[in-house]
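A structural walkthrough
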Amino acid sequence: MGATALASALQKVEHDPLAAFALGVLCNALVCLAVWLTYSARSTTDRIVAIVPPITAFVTMGFEHSVANMYFIPVAMLIRAVAPGAFWDSIGKTSADYGALDVGGLVGNLVPVTLGNILGGTLLVGAVYWLVYLRDR
């Protein structure tokens, strides 16, 4: 499980800033869509059913969500910092192989992803809903 967490977090911090930004935009468009879909639901079951497809889509497609990354990347940083030698021997790697999992990698991921999340939620979902339902005709 630790090796999977390291590999996942390393992949996240190795995105170039433009790719991280784009993945953040697309992610939050789906997350905000899931939230908006709950407003059309009449029961708790309806709400759960409504949020599953967009959230499943963003996770499956590997989009980036800043709040999720605030968990995944620090956990990998912690594993890198405190894992015993037996762990590294068992996965055939060393801590140095995950050198990008540091504060610089965390910030380098969170800044473009957060900006992308903000743009994706406000422009791709909020602005479209405003355009369709609230603007003066």
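To be clear, the structure that these remarks concern was listed above.
For the structure given in this document, a descriptive report is provided here. Computed from a predicted structure; not experimentally measured.

Re the overall build of the chain
- Counting its secondary structure elements, the chain contains 6 helices and 0 strands.
- From first element to last, N terminus to C terminus, the chain shows the α and β order α-α-α-α-α-α.
- What you see for the chain is a C-alpha radius of gyration of 18 Å, clearly larger than the 14 Å of a compact globule of 137 residues, by over 25%.
- Structurally, the chain occupies a C-alpha span of about 65 × 35 × 20 Å along its principal axes.
- Buried residues in the chain amount to 34% of all 137 residues.
- Counting only contacts in the chain whose residues sit at least 6 apart along the sequence, the fraction spanning at least 24 positions is 83%.
- Total accessible area on the chain stands at roughly 8200 Å², and carbon and sulfur atoms take up 70% of it.
- Looking at charge distribution, the chain has the averaged site of its 7 positive side-chain charges lying 15 Å from that of its 8 negative ones.

Digging into the side chain of Ser66
- As for its position among the elements, Ser66 is in helix H4 (residues 66-82).
- A relative accessible area of 7% means that Ser66 is categorised as buried.
- Not counting residues within four places of it along the chain, the set of residues in contact with Ser66 comprises Leu110, Val113, Thr114 and Asn117.

Notes on the packing of helix H1 (residues 2-13) against H4
- Running from N to C, H1 and H4 cross one another at 120 degrees; their axes reach a closest spacing of 9 Å. Classified by the angle between their axes, H1 and H4 sit oblique to one another. As H1 runs across H4, the sense of the crossing is left-handed. Where H1 approaches H4, its residues Gly2, Ala5, Leu6, Ala9, Lys12 and Val13 are matched on the opposing element by Asn69, Phe72, Ile73, Ala76, Ile79 and Arg80.

Overview of the packing of aromatic side chains
- Within the structure shown, the criterion is met by 6 aromatic pairs.
- On the numbers, 5.4 Å between centres and 70 degrees between planes, the contact of Tyr71 with Phe72 is edge-to-face.
- Site record: aromatic cluster; members linked through ring pairs are Trp36, Tyr39, Tyr129 and Tyr133.

Section: the packing of H4 against helix H6 (residues 103-134)
- Between H4 and H6, the shortest axis-to-axis distance is 10 Å and the interhelical angle comes to 170 degrees. Judged by the inter-axis angle, H4 sits roughly antiparallel to H6. From H4, Ser66, Asn69, Met70, Ile73, Pro74 and Met77 reach across to H6, where they touch Val103, Leu106, Asn109, Leu110, Val113, Thr114 and Asn117.
- For the contact of H4 with H6, the class distribution of residues is 8 nonpolar, 5 polar and no charged.

As for the environment of Ser95
- With respect to the helices and strands, Ser95 occurs in the loop between helix H5 (85-91) and H6.
- A sequence separation of 33 residues divides Ser95 from Val128, and the C-alpha atoms of the two residues are 46 Å apart.
- Among all residues touching Ser95, those that are not within four sequence positions of it are Arg80 and Trp88.

Observations regarding a nonpolar patch on the surface
- Nonpolar side chains collect at one region of the surface, where Val128, Trp130, Leu131, Val132, Tyr133 and Leu134 lie side by side and expose about 650 Å² of accessible area between them.
- Positionally, Leu131 belongs in helix H6.

Reading the values: the criteria
Residues numbered from 1 in each chain as written. Predicted model: local features only at pLDDT ≥ 70, side-chain atom pairs only at ≥ 80, totals over all residues. Heavy atoms only, no water. Helix = DSSP H or I, 4+ residues; strand = E, 2+ residues; numbered from the N terminus. Rg over C-alpha atoms; globule rule 2.2 N^0.38 Å. Buried < 20%, exposed > 50% of the residue type's maximum accessible area, 1.4 Å probe, protein only. Contact = heavy atoms within 4.5 Å. Areas by Shrake-Rupley, 256 points an atom, 1.4 Å probe, with all protein chains shown as cover. Lys, Arg positive; Asp, Glu negative; His and termini not counted. Charge placed at Lys NZ, Arg CZ, Asp CG, Glu CD. Axes fitted to C-alpha atoms, helices over the stretch in contact; angles between N-to-C directions. Parallel < 35°, antiparallel > 145°, perpendicular 65-115°, else oblique. Left-handed = near helix turned anticlockwise from the far one by under 90°. Phe/Tyr/Trp six-rings, centres within 6.5 Å; stacked < 30°, edge-to-face > 60°. Nonpolar A, V, L, I, M, F, W, Y, C, P; charged D, E, K, R; others polar. Patch = residues over 30% accessible without salt bridge, like charges linked within 9 Å, V, L, I, M, F, W, Y side chains within 5 Å. Salt bridge = Lys/Arg side-chain N within 4 Å of Asp/Glu carboxyl O.

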